[in-house]
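Now for the letters of each chain:
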Amino acid sequence: MGFFDIFKKSSGEKLLNDIVGKERFNTAFLNRLNEHNLSPNDGYNIKNQIKEEIKANNLETHDEINNRIEELLKEHEKSMNIKRKAVKKVNELLGKTELTDAFKETLESKNLTEEEGFEIKANLYKEIENDTIKTEIEINRHIEDLLKEYEDNIGNKRKTVKKVNELLGKTELTEAFKETLKSKDLSEEDGFTIKAQLYEEIEKGKLSSDDVVNRINEIIERQVKNKKIQMQNKISVKARSMLKLLNNQEDFTLNCTKCGEKLYLTDKFCFKCGHEIADEIQNKSYININTNPEATKKEEEIKDEDLTLLYNERIKTGYDSEFKFGYVNYLNALNSSSDVFEVCNKYDISQEDFEKQGLKDGFIEEIANISCFTINEIKDVLRKYNLKVSGRKNELINRINENLSLERAKEEFPVTSYVITQKGQDFVKDNDYVFIYEELDYLKEDLGINEFDNYIVQNKDKNAYELIEDYYKKIEDKVVSAKQWSEYKNIFKEENKFFMKKEDLDNSLKASLKVFILDVNNWVYDEEFQNNEIAISKDNVKILNKLLLEEKLDINQLKDLFNTAADEVKIPSFIIPKDKVFRYLILAFNGENIDKLNRELRNS
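About the cut-offs
Residues numbered from 1 in each chain as written. Predicted model: local features only at pLDDT ≥ 70, side-chain atom pairs only at ≥ 80, totals over all residues. Heavy atoms only, no water. Helix = DSSP H or I, 4+ residues; strand = E, 2+ residues; numbered from the N terminus. Buried < 20%, exposed > 50% of the residue type's maximum accessible area, 1.4 Å probe, protein only. Contact = heavy atoms within 4.5 Å. Areas by Shrake-Rupley, 256 points an atom, 1.4 Å probe, with all protein chains shown as cover. Lys, Arg positive; Asp, Glu negative; His and termini not counted. Salt bridge = Lys/Arg side-chain N within 4 Å of Asp/Glu carboxyl O. Core = buried A, V, L, I, M, F, W, Y, C linked by side-chain atoms within 4.5 Å. Polar contact = N/O pair within 3.5 Å; in protein donor to acceptor, adjacent residues only side chain to side chain. Expected span 1.5 Å × (residues − 1). Phe/Tyr/Trp six-rings, centres within 6.5 Å; stacked < 30°, edge-to-face > 60°. Axes fitted to C-alpha atoms, helices over the stretch in contact; angles between N-to-C directions. Parallel < 35°, antiparallel > 145°, perpendicular 65-115°, else oblique. Left-handed = near helix turned anticlockwise from the far one by under 90°. Nonpolar A, V, L, I, M, F, W, Y, C, P; charged D, E, K, R; others polar. pLDDT = per-residue confidence, 0-100. Arc of directions from axis to C-beta.

**Observations concerning the overall build of the protein**
So, step 1. Within the protein one finds 31 helices and six strands.
So, step 2. When each of the 604 residues of the protein is scored for burial, the buried share is 43%.
So, step 3. Taking as baseline every contact in the protein between residues at least 6 positions apart, the subset at least 24 positions apart corresponds to 65%.
So, step 4. Accessible surface computed for the protein: about 33,200 Å², of which carbon and sulfur atoms make up 45%.

Given below as structure tokens:
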């Protein structure tokens, strides 16, 4: 769409709102919907379609818009009649609220459950809604296709589950699998964790029977790696005792001069604010632990590695930044059913460490993973406790959770998993700056995780977005002082991403306008200007077009924002004058060939 078409569009939308209503439909349009047996949802679909046609300059006057609305009302009415007829046919064949006996028999003959029958019905309704199927012949053919697809899919899942159970055991682990675990220094609890992971992947359709053996080996190796990480972080009993001893003796403690937190002489940095405390330690005489009578009585000699472990544990209890970032990502992965193993590998922290910390903080809780068991297995448990066995799988699982204690459920279904609590969700929300940081490459290069985290934590009076915005201004000043103009432009590209994340369209648009200005005024480094390498970025023009459509600025508002952006750009001088840059901006918006504009600029 050309730039000036945007202004035609705004007047067309005003006419549309006059006819149907702006935020809510007016009485006249609701009456028209009722006349055609259509719902308000159909009305919104019609309104959106009219908007698209206005954008395309197909509709301009009041009469054109009103006549097109009437055409669409009739089209939707005809379409809805076809849909209602198709839904009626589906209900005749499969049942309306309950499944028909004939369809139940068909499901049983294919070893499918009633729950899968309802899923097939839901799929048919969706296809009818999307106008994919309309006639009775199409409905029958689609039912046959879905039955075959479900039969194949369920057959493959059952085949894969059977293979897993053969290799690892169904309720108890096989002797061969126990031996494998033992040879890898893994416990039977680890074995059940591996089984749970496999069941989950089967349920999501990510694992076939042919890949089971390889996948088992992959997960075992991952568990071994996690165990090694856990052992590296494990603090000795001796060091734990030492921590308790030090905590009760003032001679071994001091306070951080920056935040006042109580520290030990074994600490290298303040675990709360990250301040290095080497100077403070020098001001206290070195204390040999063995010269203290109580230490000698209670402890053997504390080795250097014990003190290192002590330090690591001290940091962990206050969430060192690396652990904290991994922890937030782990909890978020758990909340969104993503792969927690990817988080563990990325941060080189074991899943068990995350789980222990999560349980300690109350951010996660352990539940019986009933969903990985078959419907028949769940029904057997329900019968055992004289509970109803009718209903879909989710209803059966809810019945178990409502009537059995957590411990009893875990006994009956010996595969458990962790779910995030509300407290954990609040923790993730409070630390969402972790995700912002990971999306901003320039910020990551300039600030390490520890520096970034300390920067946020030490400035709690501002939210993370404000702090990052302030930091970008500091980076801008730094590269301007160094006259690194290419880097200067890259900062604005990243600021555009940041403001988009923040949903601040004005500043996002302004950042992209600055990129456009710097593309045209191509200062490279120091005092060097390269006219022969001017290149308006096509990608940036696309971003500008998208933002402009969302902002709905008129020509004067755009010019004001452009002038503000130009005034804030700190290049040595405008080789291409501002008014000429703005002219090229409008030409780019109007769909002029970017390569042609670049050639023209280089020759100017």
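After that view, the rundown keeps rolling.
**Let's talk about the side chain of E127**
So, step 1. You can see E127 is positioned in helix 6 (residues 114–129).
So, step 2. No salt bridge forms around the buried E127; measuring N to O, its nearest opposite-charge neighbour K126 is 6.4 Å away.
So, step 3. Setting aside residues no more than four positions away along its own chain, E127 makes contact with T132, I133 and H142.

**What to know about the nonpolar core**
So, step 1. Counting 50 residues, the largest nonpolar core has Y330, L331, L443 and F452 as the members making the most contacts within it.
So, step 2. For L331, the residues in contact, after removing those within four places along its chain, are F363, I364, I420, F427 and V428.
So, step 3. If you look at the next biggest cluster of nonpolar residues, it comprises 31 residues, including L173, F177, I375 and L404.

**Some words on the environment of S537**
So, step 1. Mapped onto the fold, S537 is located in the loop between strand 6 (528–529) and helix 28 (538–551).
So, step 2. Sequence-wise, S537 and F516 are 21 residues apart; in three dimensions their C-alpha atoms are separated by 7.4 Å.
So, step 3. A polar contact of 3.1 Å, which involves the side chain of S537, links it to the backbone nitrogen of N540.

**A closer look at the environment of N394**
So, step 1. Along the chain, the position of N394 falls in helix 19 (residues 393–403).
So, step 2. In this structure, the C-alpha to C-alpha distance between N394 and E115, residues 279 residues apart in sequence, is 9.2 Å.

**Some points on the environment of K148**
So, step 1. For K148, the location among the structural elements is in helix 7 (residues 136–168).
So, step 2. Along the sequence, K148 and K110 sit 38 residues apart, while their C-alpha atoms lie 8.6 Å from each other.

**Description of helix 29 (residues 555–568)**
So, step 1. Its 14 residues place the ends of helix 29 20 Å apart at the C-alpha level, agreeing with the 20 Å of an ideal helix rising 1.5 Å per residue.
So, step 2. Taken together, the buried residues of helix 29 touch helix 27 (505–520), helix 28 and helix 30 (578–589).

**Description of the pattern of salt bridges**
As a working rule, side chains carrying opposite charge can pair if their charged atoms are close by.
So, step 1. The tally for this structure, following the rule as stated, stands at 28 salt bridges.
So, step 2. The closest approach of N and O atoms between E129 and K83, which form a salt bridge, is 3.7 Å. Highlighted residues: E129 in helix 6 and K83 in helix 4 (residues 62–94), separated in sequence by 46 residues.
So, step 3. Note on E129: relative accessible area 48%, which makes it partly exposed.
So, step 4. Several salt bridges share partner residues, and in doing so they unite E53, R68, E71 and E75 into one network.

**Here's the deal with the packing of aromatic side chains**
The description of an aromatic ring pair rests on the distance of the ring centres and on the angle between the ring planes.
So, step 1. Taken as a whole and assessed by the stated rule, the structure comprises 19 aromatic pairs.
So, step 2. Plain terms: the ring middles of F25 and F29 are 5.0 Å apart, the flat faces sit at 70° to each other, and that makes the pair edge-to-face.
So, step 3. Residue class for F25 comes out buried when judged on its relative accessible area of 12%.
So, step 4. Between the aromatic rings of F363 and F427, the centroid separation amounts to 4.6 Å while the plane-to-plane angle is 25°, which identifies the pairing as stacked. Remark: F427 occurs in helix 21 (residues 422–430) and F363 occurs in the loop between helix 17 (351–361) and strand 3 (364–368); sequence separation between them is 64 residues. Of the two residues examined, F363 and F427, each falls in the buried class.
So, step 5. By the ring-pair criterion, three or more aromatic residues cluster together here, those being F323, Y327, Y330, F354, F363 and F427.

**Looking at the packing of helix 4 against helix 7**
So, step 1. At a minimum axis separation of 10 Å, helix 4 and helix 7 run at an interaxial angle of 45°. On the basis of the axis angle, helix 4 is oblique to helix 7. For the pair helix 4 and helix 7, the crossing hand works out as right-handed. Judged by residue contacts, A86, K89, V90, L93 and L94 of helix 4 engage E136, I139, N140 and I143 from helix 7.
So, step 2. Residue composition of the contact of helix 4 with helix 7, by class: six nonpolar, one polar and two charged.

**Points about the confidence of the model for the protein**
So, step 1. Considering every residue of the protein, the mean pLDDT works out to 78; 81% of them sit at 70 or more.
So, step 2. Counting contacts from residues 232–238, a segment whose pLDDT is below 50, to residues more than four positions away or on other chains yields 16 contacts.

**Quick word on the packing of helix 15 (residues 321–335) against helix 24 (residues 449–457)**
So, step 1. At a minimum axis distance of 9 Å, the contact between helix 15 and helix 24 shows a crossing angle of 80°. As summarised for this structure, helix 15 and helix 24 are arranged roughly perpendicular, according to the angle between their axes. Together, S321, E322, K324 and F325 of helix 15 and I449, N450, F452, D453 and V457 of helix 24 make up the contact between the two elements.
So, step 2. Of the residues contributing to the contact of helix 15 with helix 24, the split by class is four nonpolar, two polar and three charged.

**Looking at helix 18 (residues 375–384)**
So, step 1. Those residues of helix 18 not exposed but buried are I375, I378, V381 and L382. Angularly, the buried residues of helix 18 cover 125° about the axis, an arc narrow enough to put them on a single face. Projecting away from the buried face of helix 18 at angles above 90 degrees are the exposed residues N376 and K384.
So, step 2. Residues of helix 18 that are buried make contact with helix 6, helix 19 and helix 20 (406–412).

**Concerning the side chain of E412**
So, step 1. Assignment of secondary structure puts E412 in helix 20.
So, step 2. Among the polar contacts listed, one links the side chain of E412 to the side chain of K384, at a separation of 2.7 Å.
So, step 3. Beyond its immediate chain neighbours, meaning those up to four positions away, E412 contacts V381, K384, Y385 and L404.

**Quick look at unusual backbone geometry**
So, step 1. The backbone of D185 sits at a positive phi, close to 60°, despite the residue not being glycine.
So, step 2. With respect to the helices and strands, D185 occurs in the loop between helix 8 (175–183) and helix 9 (188–203).

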